[in-house]
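Residues per chain, in single letters:
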Amino acid sequence: MGESWQDRISMAFSIAELGIQSIPINALIPVKGTPFGDLEPIKKEDILRTVAIFRYINPTADIRIAAGRSYFEDGGKEL
């Protein structure tokens, strides 16, 4: 929704400091007519990088794809 890579990395470290063990990652799916409907969809590669960053910084946490599974042919199972 417009966050920078630095924002994502900072969030991953904040979550690690809090000891969160279940991390949902949501990828915006723009829907016309909604407040964020005109935003550019996130690229599949950026979702994968985000998951990898969170996994690296939070190695024991469960990383869950909570929204955006439709970007992947297998529904996100490859993640």
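Residues numbered from 1 in each chain as written. Predicted model: local features only at pLDDT ≥ 70, side-chain atom pairs only at ≥ 80, totals over all residues. Heavy atoms only, no water.

A.B. asks: Even after reading the chapter, I still don't get the pattern of salt bridges, so can you show me in this structure?
C.D. replies: If charged atoms from side chains of opposite charge come close, those side chains can pair. Summed over all chains, the structure comprises three salt bridges. One salt bridge in this structure joins R49 and D46, with 3.1 Å as the shortest N-O distance. Of the two residues, R49 and D46 both sit in helix α2 (residues 44-57), three residues apart, roughly one turn of that helix. Under the relative-accessibility criterion, R49 is labelled partly exposed at 48%. Residue D46 is classed as buried on the basis of its relative accessible area, which comes to 18%. (Salt bridge = Lys/Arg side-chain N within 4 Å of Asp/Glu carboxyl O. Helix = DSSP H or I, 4+ residues; strand = E, 2+ residues; numbered from the N terminus. Buried < 20%, exposed > 50% of the residue type's maximum accessible area, 1.4 Å probe, protein only.)

A.B. asks: I'm lost on the side chain of N58 in this one. Help?
C.D. replies: Tracing the chain through its elements places N58 in the loop between α2 and β2 (62-67). Since its relative accessible area comes to 5%, N58 is described here as buried. For N58, the contacting residues outside a window of four places in its chain are A12, I15, A16 and I23. (Contact = heavy atoms within 4.5 Å.)

A.B. asks: Explain helix α1 (residues 5-18) to me, please; I cannot follow it from the model alone.
C.D. replies: An α-helix turns once per 3.6 residues; consequently, residues spaced three or four apart project the same way. The end-to-end C-alpha separation of α1 is 20 Å, in line with the 20 Å expected for 14 residues at 1.5 Å each. For α1, the set of buried residues is R8, A12 and I15. The buried side chains of α1 occupy one side of the element, clustering within an arc of 65° when seen end-on. Looking at α1, the residues exposed on the side facing more than 90 degrees away from the buried face are Q6, E17 and L18. (Expected span 1.5 Å × (residues − 1). Arc of directions from axis to C-beta.)

A.B. asks: Whenever I open this one, the confidence of the model for the chain confuses me. Can you help?
C.D. replies: Here the chain averages 85 in pLDDT, and 84% of its residues register 70 or above. The secondary structure element of the chain with the lowest average pLDDT is β2, at 82, and the one with the highest is α1, at 96. (pLDDT = per-residue confidence, 0-100.)

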